[in-house]
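Secondary and tertiary structure notes
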Amino acid sequence: MSSSQVYLKKARYGKDKVKVMKVYRDGKWQTCVELTVALTLEGDIETSYTEADNSVVVTTDTCKNTVYIMAKRSANVDNIEVFAQEITEHVLKQYKHIHVAHVQIIKHKWSRMLIDGELHPHSFVRDGEDVQTTHVIHHRDGNKITIESGLKNLLVLKTTGSAFHSFYRDEYTTLPEVWDRIFSTSVDATWRFESTKPSVLRHQVNFPEVHASVKKITMDTFAKDDSASVQATLYKMQQQILRDNKSVAEIDYALPNKHYFGVDMSKFKIDNTDKNLDVFQPVADPSGLITATTARKPAAKL
Ligand SMILES: O=c1[nH]c(=O)c2[nH]c(=O)[nH]c2[nH]1
């Protein structure tokens, strides 16, 4: 194939995995926020790939510096969707040949310690590996912003209140029906916001409240639902999230079904079945993987 038949179709570059910790101080009370940030850029940058023209390259090192300087100036590092928009706005203002700025943020958990029954003013604990995420894409054209936020790695388990039966059977099916089983999953939820107007997104959506609501509904539904399947429980979670969060346009879930199988003890003449089933083998893989997206129907036209 001659080189005239190929062209640079897409290009985007920047700095990934920029780790930043910000401490806010209010008298003796301190708060900390730890983020992993990626800032990547699109625009009139083709010649850096096609002609070795570095004059159009805002260096990835500059991208890293930008994250740190914006963290220094910002009062909103904790509110990752707003902090991400502060960065994209700065980038589009500063670099006229950059037309799309992407900021992806992972917010790690630091929860205030409870010491002698009281919240401690400056000590924190990592009490879970679940993280909040966001991906803000800011287009110079029309000043359009899209925001996709997420809750990842929320590991949950219930020891009863979950069944799986009446499924499709054929000559390939060996799975027994169960009316009581362990249900465990690591929740991976991603939701997109309705509006594309920056002013609305930035100032009228309470992003931390949406994160908190998604987490609460996920856990409430998981605990309370008499689960007929991962699929049915997942859809209940998504429906409730869209009902309670008007700013959310649609939500995806990816739920691995982390299997716990009863150990066969029949060779030892020990009954570990049905009512006597209480020893399980956690099976890391393979796992089921149940995914779905739930969205709002467009409003009916009158
Ligand atoms: O909730 C479930 N959904 C499935 O689709 C499935 N498939 C399976 O083997 N176990 C389960 N459990």
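Residues numbered from 1 in each chain as written. Predicted model: local features only at pLDDT ≥ 70, side-chain atom pairs only at ≥ 80, totals over all residues. Heavy atoms only, no water.

1. Side note on unusual backbone geometry
Of note, the bond from Asp 285 into Pro 286 is cis; its omega dihedral lies within 30 degrees of zero at 0 degrees. By the secondary structure assignment, Pro 286 is in the loop between β11 (280-282) and β12 (288-295). One non-glycine residue with positive phi stands out, namely Asn 143, at about 50 degrees. Residue position: Asn 143 is located in the loop between β6 (131-139) and β7 (144-158). (Helix = DSSP H or I, 4+ residues; strand = E, 2+ residues; numbered from the N terminus.)

2. Some words on the pairing of strand β2 (residues 29-43)
The buried fraction of β2 is high, at eleven of 15 residues. Note that strand β1 (residues 13-26) and β2 share twelve bridges and pair antiparallel. Note that in β2 the partner of Met 21 across the bridge is Glu 34. Here β1 folds back onto β2, and the loop between the two strands holds two residues, one of which, Gly 27, carries a positive phi near 60 degrees. Bridge count for β2 against strand β3 (residues 98-108) is ten bridges, and the pairing is antiparallel. Within β3, the position partnered with Leu 41 by the bridge is Ala 101. (Buried < 20%, exposed > 50% of the residue type's maximum accessible area, 1.4 Å probe, protein only. Pairing = 2+ DSSP bridges.)

3. Quick look at the environment of Asp 61
For Asp 61, the position within the fold is in helix α2 (residues 60-73). The exposure class assigned to Asp 61 is partly exposed, which follows from its relative accessible area of 37%. It is 8.3 Å that separates the C-alpha atoms of Asp 61 and Gly 14, two residues lying 47 residues apart in sequence. Within polar-contact distance, the side chain of Asp 61 engages the side chain of Lys 64 at 2.9 Å. (Polar contact = N/O pair within 3.5 Å; in protein donor to acceptor, adjacent residues only side chain to side chain.)

4. Details of the side chain of Arg 192
Of note, Arg 192 is situated in strand β8 (residues 183-193). Separated by 2.9 Å, the side chains of Arg 192 and Glu 148 make a polar contact. Looking at Arg 192, its side chain comes within polar contact range of the side chain of Glu 250, at 2.8 Å.

5. Some details on helix α5 (residues 207-224)
Spanning 18 residues, α5 covers 26 Å between terminal C-alpha atoms, matching the ideal 26 Å at 1.5 Å per step. Of the positions making up α5, those classed as buried are Phe 207, Val 210, His 211, Ser 213, Val 214, Ile 217, Thr 218, Thr 221 and Phe 222. Seen end-on, α5 carries its buried residues on one side only, within an arc spanning 165 degrees. With respect to the buried face of α5, the exposed residues turned more than 90 degrees away are Glu 209, Lys 216, Ala 223 and Lys 224. (Expected span 1.5 Å × (residues − 1). Arc of directions from axis to C-beta.)

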